Amino acid sequence: MAEYICPHCKKPVYDDEALLCLYCGENLERGIGTLGKMKYSSHWIIFAGVVLFVILSFVLLICF
């Protein structure tokens, strides 16, 4: 298990998935990761809208 030092209180945090320090509660300033970037990106919303439009177009083409 890797040790991570809190940039605010300088105490070690041993939880690999922790985003907040267990001692002072401050942000550990770790990277969000791929899924987190997709979740908060405006490109993800545009991509989801295009996919939804294509699926609805396909369904309408098949039905009529």
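Reading the values: the criteria
Residues numbered from 1 in each chain as written. Predicted model: local features only at pLDDT ≥ 70, side-chain atom pairs only at ≥ 80, totals over all residues. Heavy atoms only, no water. Helix = DSSP H or I, 4+ residues; strand = E, 2+ residues; numbered from the N terminus. Buried < 20%, exposed > 50% of the residue type's maximum accessible area, 1.4 Å probe, protein only. Contact = heavy atoms within 4.5 Å. Areas by Shrake-Rupley, 256 points an atom, 1.4 Å probe, with all protein chains shown as cover. Core = buried A, V, L, I, M, F, W, Y, C linked by side-chain atoms within 4.5 Å. Disulfide = S-S within 2.5 Å. Polar contact = N/O pair within 3.5 Å; in protein donor to acceptor, adjacent residues only side chain to side chain.

## Here's the deal with the overall build of the chain
Part 1: Within the chain one finds two helices and two strands.
Part 2: Tracing the chain from N to C terminus, the helices and strands come up as β-β-α-α.
Part 3: Counting over 64 residues, the chain shows a buried share of 9%.
Part 4: Across the chain, contacts joining residues at least 24 apart in sequence account for 7% of those joining residues at least 6 apart.
Part 5: In the structure as shown, the chain presents an accessible area of about 5600 Å², 69% of it carried by carbon and sulfur atoms.

## Quick look at the nonpolar core
Part 1: By size, the foremost hydrophobic cluster in this structure holds five residues: Cys6, Val13, Ala18, Cys21 and Leu28.
Part 2: Residues in contact with Leu28, not counting those within four places in the same chain, are Tyr4, Cys6, Pro7, Val13, Ala18, Leu19, Leu20 and Cys21.

## Quick notes on the state of the cysteines
Part 1: All told, the structure shown has zero disulfides when counted by the stated rule.
Part 2: Considering cysteine sulfurs only, Cys9 is the nearest to Cys6, which forms no disulfide, with 3.7 Å between them.

## Topic: the environment of Glu3
Part 1: Along the chain, the position of Glu3 falls in the segment before strand E1 (4-5).
Part 2: Residue classification places Glu3 among the partly exposed residues on the basis of a relative accessible area of 45%.
Part 3: Counting along the chain gives eleven residues from Glu3 to Tyr14, while the straight-line C-alpha distance between them is 4.9 Å.
Part 4: Residue contacts for Glu3: discarding those within four places in its chain leaves Pro12, Val13 and Tyr14.
Part 5: A polar side-chain atom of Glu3 sits 3.1 Å from a polar atom in the side chain of Tyr14.

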